[in-house]
Amino acid sequence: MIKKIICVLLFIISAFILFTAISDSNWYINKTNVLKNKKDTITCAKTESLYDKKTVVIYYSNGGNTKAVANVIKQLLQCDIAEIKSDEAYKQKNILKLKNLVQEQIQSGYIPKTNKTDISNYEVIFLGSPVWKSHVSLPVKSFLINNNFNNKTIIPFYTFGGKANKKQLDNEIKEYSKNANVMNSFLTVWNGLAFLEYQLVKWLNEVYL
Ligand SMILES: Cc1cc2nc3c(=O)[nH]c(=O)nc-3n(C[C@H](O)[C@H](O)[C@H](O)COP(=O)(O)O)c2cc1C
């Protein structure tokens, strides 16, 4: 008798898990299609969409968190992606020393060298940066200062550890990029894909479609 009850319970639990997994994956596919299908009602309700414009994801990532978010955006939008590379000094493993170095560089106004990233072909740039000492990371600042953003739209996204002010970060992007049209940003703590995809799709619907 007990065996039978356990079997029935196990069956119900398995069915529930299977149902949840299927509904979740359907949700994901549907939401991804929302991004790919311009005829969706959300898109049609808007007067202007960035969806048709040539788009690229450009990011700087020292520890991999911003890179992970950048890759999810690239996958959702099926667009190009490019990495900003900068000083070897930032590869410092000692986090305290790295933070001190960055603090000194921010105070002295130091702008690190970065690789050349050709943005001439793009109209929309999703720009990813880690938060450093409450600021946009220095390699991203360097990228902004050294490029021309006339007639381009920047959609920023940031990863952080828990202390950052989105508005202040957006203002920095506006200040350094001068003529760019800067959209509402996305700020997240990277802790895996599960909740991030939901948040990302919601934000992309607001700013991009
Ligand atoms: C030099 C340095 C400064 C940081 N300053 C902040 C900060 O002010 N606020 C915060 O929330 N996180 C801060 N962090 C944490 C990073 O923003 C966070 O770990 C981010 O996801 C790292 O992205 P990445 O892995 O792409 O480099 C800092 C990390 C470093 C290395």
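What counts, and at which threshold
Residues numbered from 1 in each chain as written. Predicted model: local features only at pLDDT ≥ 70, side-chain atom pairs only at ≥ 80, totals over all residues. Heavy atoms only, no water. Near = heavy atom within 4 Å. Polar contact = N/O pair within 3.5 Å; in protein donor to acceptor, adjacent residues only side chain to side chain. Areas by Shrake-Rupley, 256 points an atom, 1.4 Å probe, with all protein chains shown as cover. Helix = DSSP H or I, 4+ residues; strand = E, 2+ residues; numbered from the N terminus. Buried < 20%, exposed > 50% of the residue type's maximum accessible area, 1.4 Å probe, protein only. Contact = heavy atoms within 4.5 Å. Phe/Tyr/Trp six-rings, centres within 6.5 Å; stacked < 30°, edge-to-face > 60°. Patch = residues over 30% accessible without salt bridge, like charges linked within 9 Å, V, L, I, M, F, W, Y side chains within 5 Å. Salt bridge = Lys/Arg side-chain N within 4 Å of Asp/Glu carboxyl O. Lys, Arg positive; Asp, Glu negative; His and termini not counted. Charge placed at Lys NZ, Arg CZ, Asp CG, Glu CD. Pairing = 2+ DSSP bridges. Axes fitted to C-alpha atoms, helices over the stretch in contact; angles between N-to-C directions. Left-handed = near helix turned anticlockwise from the far one by under 90°. Nonpolar A, V, L, I, M, F, W, Y, C, P; charged D, E, K, R; others polar.

Right, let's get into the site of the ligand. Of all residues adjacent to the ligand, which total 20 residues, the nearest are S61, T66, V131, T159 and K163. With respect to the ligand, the backbone of V131 contributes an N or O atom lying 2.7 Å from an oxygen atom. Within the backbone of K133, a nitrogen or oxygen atom sits 2.8 Å from a nitrogen atom of the ligand. Its free accessible area being 640 Å², the ligand has 86% of it covered by the protein chains. At the level of secondary structure, the elements contributing two or more residues to the shell around the ligand comprise α3 (65-77), α4 (95-108) and β3 (124-132). If one sorts the elements of the shell around the ligand by residue count, α4 sits on top with four residues.

If you trace the backbone, T55 turns up in strand β1 (residues 55-59). Residue T55 is classed as buried on the basis of its relative accessible area of 5%. Separated by 2.8 Å, the side chain of T55 and the backbone oxygen of K53 make a polar contact. Polar contacts involving the side chain of T55 include one to the side chain of Y208, which spans 2.7 Å.

With that out of the way, let us pick up the side chain of T159. On the secondary structure map, T159 appears in strand β5 (residues 153-159). Looking at T159, its side chain comes within polar contact range of the side chain of T66, at 2.9 Å. Every residue in contact with T159, bar those within four places of it in the chain, is listed here: N65, T66, V69, S129, P130, V131 and T188.

On to the packing of aromatic side chains, then. Tallied over the full model, the rule gives eight aromatic pairs. With centroids separated by 4.9 Å and ring planes inclined at 65°, the aromatic side chains of Y90 and W132 adopt a geometry described as edge-to-face. Highlighted residues: Y90 in the loop between β2 (80-83) and α4 and W132 in strand β3, separated in sequence by 42 residues. Site record: aromatic cluster; members linked through ring pairs are Y51, F126, F186, W203 and Y208.

A cluster of basic residues, K67, K85, K91 and K93, forms a positive patch on the protein surface. Counting through the fold element by element, K93 comes out in the loop between β2 and α4.

Moving on to the environment of L101. Here L101 lies in helix α4. Since its relative accessible area comes to 25%, L101 is described here as partly exposed. Taking C-alpha positions, L101 is 8.5 Å from Y90, a pair spaced 11 residues apart along the chain. Discounting residues that sit within four places of it in the chain, L101 has contacts with A89 and Y90.

Another point: a nonpolar patch on the surface. Together, M1, I5 and L9 make up a nonpolar patch on the protein surface, roughly 350 Å² of accessible area in all. Turning to its location among the elements, I5 is positioned in helix α1 (residues 2-36).

Before going further, it helps to examine the pairing of β3. Within β3, nine of the nine residues are buried, leaving the element largely enclosed by the surrounding structure. With seven bridges joining them, β3 and β5 adopt parallel strand pairing. Residue pairing across strands places S129 opposite Y158, the latter belonging to β5. As paired strands, β3 and strand β4 (residues 135-136) are joined by two bridges and run antiparallel to one another.

Quick look at the packing of helix α5 (residues 138-145) against helix α6 (residues 166-177) now. Two measures define how a pair of helices packs: the angle their axes make with one another and the distance between the axes. Running from N to C, α5 and α6 point in directions that differ by 35°, and their axes come no closer than 8 Å. For α5 against α6, the interelement crossing comes out right-handed. Residue-level inspection shows K141, L144 and I145 of α5 in contact with α6, the latter providing I173, Y176 and S177. Across the contact of α5 with α6, the residue classes tally to four nonpolar, one polar and one charged.

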